Amino acid sequence: MKPTFCRKTQPLNLVISLTPSVESRLEELEACSRVNVRIGNSLARHISVLRIWLLFTLGLATASVSWAASAPQDMREITSELIYNFALLSQTPNRTLQDAYNICAFEEDIGYLQSSTLQSQKLQNLQVSLLPLKTIADVKRCNLLYIQDFVVQKPLELQQSIQKDVVLTVVHTGNKFADYSHVVISAQDKRYQFDLRIQPAKQAGIMFDARLLKLATNIIND
């Protein structure tokens, strides 16, 4: 059985629940109101669960693809929560400390993320900021980079920047840069799934939490 997570707003953290089926997962998730959670070395804290969604086929995020047309704001919110969870369950110990945790996307992709979902949160005790990028040179400002439609004209240059500056990179499947990313998300049978690419992550000095490894659809080591 895989762990499932409650979706919440203030703050966006994770709560784990082990249940035998989707139906019982939903029943238990709907019943939770306040939970204790411990992430890494942080202290356990209480979380008020305001809205609950079942996330992933294996427990992190589940969403109907048809929502993109009928409720684009919901899709932006779900994608933003996924991005937040990936950041929350990843560590970059070799990265230089910054004043904020910068989640970035190029101008072609910034519309897939919802600023209000991200910028009200904190990661690594830093305020989250959503930054639009114009050039590859701007990537050095990012803690996390999301790519969906952006066409990378210089993939080697971007790859080198990501590795040098320790930028966690999440790419939607189908984008050619997915082969250079650390996390690849996809929608199959109207459900989101994700793969973890271990070798590029190691090269960039990025470490995934064990819970994220358990939830991954595939773990790619090459």
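Everything here concerns the structure above.
Residues numbered from 1 in each chain as written. Predicted model: local features only at pLDDT ≥ 70, side-chain atom pairs only at ≥ 80, totals over all residues. Heavy atoms only, no water.

Scanning the protein from terminus to terminus reveals 7 helices and 16 strands. The burial tally for the protein puts 52% of its 222 residues in the buried class. Intrachain contacts of the protein at a sequence separation of at least 6 include 58% that bridge at least 24 residues. Split by element, the accessible area of the protein, about 11,000 Å² in all, is 50% carbon and sulfur. (Helix = DSSP H or I, 4+ residues; strand = E, 2+ residues; numbered from the N terminus. Buried < 20%, exposed > 50% of the residue type's maximum accessible area, 1.4 Å probe, protein only. Contact = heavy atoms within 4.5 Å. Areas by Shrake-Rupley, 256 points an atom, 1.4 Å probe, with all protein chains shown as cover.)

Helix length check: helix H3 (residues 72-88) (17 residues) gives 24 Å between terminal C-alpha atoms against 24 Å at 1.5 Å per residue, within 8%. Counting buried positions along H3 yields 13 of 17 residues, so the element is predominantly enclosed. (Expected span 1.5 Å × (residues − 1).)

So, about the packing of aromatic side chains. In total, this model carries 3 aromatic pairs according to the counting rule given. Taken together, a centroid distance of 5.2 Å and an interplanar angle of 65° make the contact between Phe-86 and Phe-194 edge-to-face. Linking Phe-86 in helix H3 with Phe-194 in strand S14 (residues 191-197), this pair joins segments that are 108 residues apart in sequence. For the pair Phe-86 and Phe-194, one class covers both residues: buried. (Phe/Tyr/Trp six-rings, centres within 6.5 Å; stacked < 30°, edge-to-face > 60°.)

Mapped onto the elements of the fold, Gln-114 is located in the loop between strand S8 (101-106) and helix H4 (115-118). Residue Gln-114 is classed as buried on the basis of its relative accessible area of 10%. In terms of polar contacts, Gln-114 uses its side chain to reach the side chain of Ser-116, at 3.3 Å. In this structure Gln-114 touches Gln-73, Arg-76, Glu-77, Ser-80 and Leu-130, once residues within four positions along its chain are discounted. (Polar contact = N/O pair within 3.5 Å; in protein donor to acceptor, adjacent residues only side chain to side chain.)

Right, let's talk about the pattern of salt bridges for a bit. For the structure shown, the criterion picks out 1 salt bridge. Notably, a salt bridge pairs Asp-209 with Arg-211, separated by 2.9 Å at the nearest N-O pair. Classification of Asp-209 as buried rests on a relative accessible area of 17%. Residue classification places Arg-211 among the partly exposed positions, given a relative accessible area of 22%. (Salt bridge = Lys/Arg side-chain N within 4 Å of Asp/Glu carboxyl O.)

It is worth stressing that arrangement in space is one thing and function is another; only the former is reported here.
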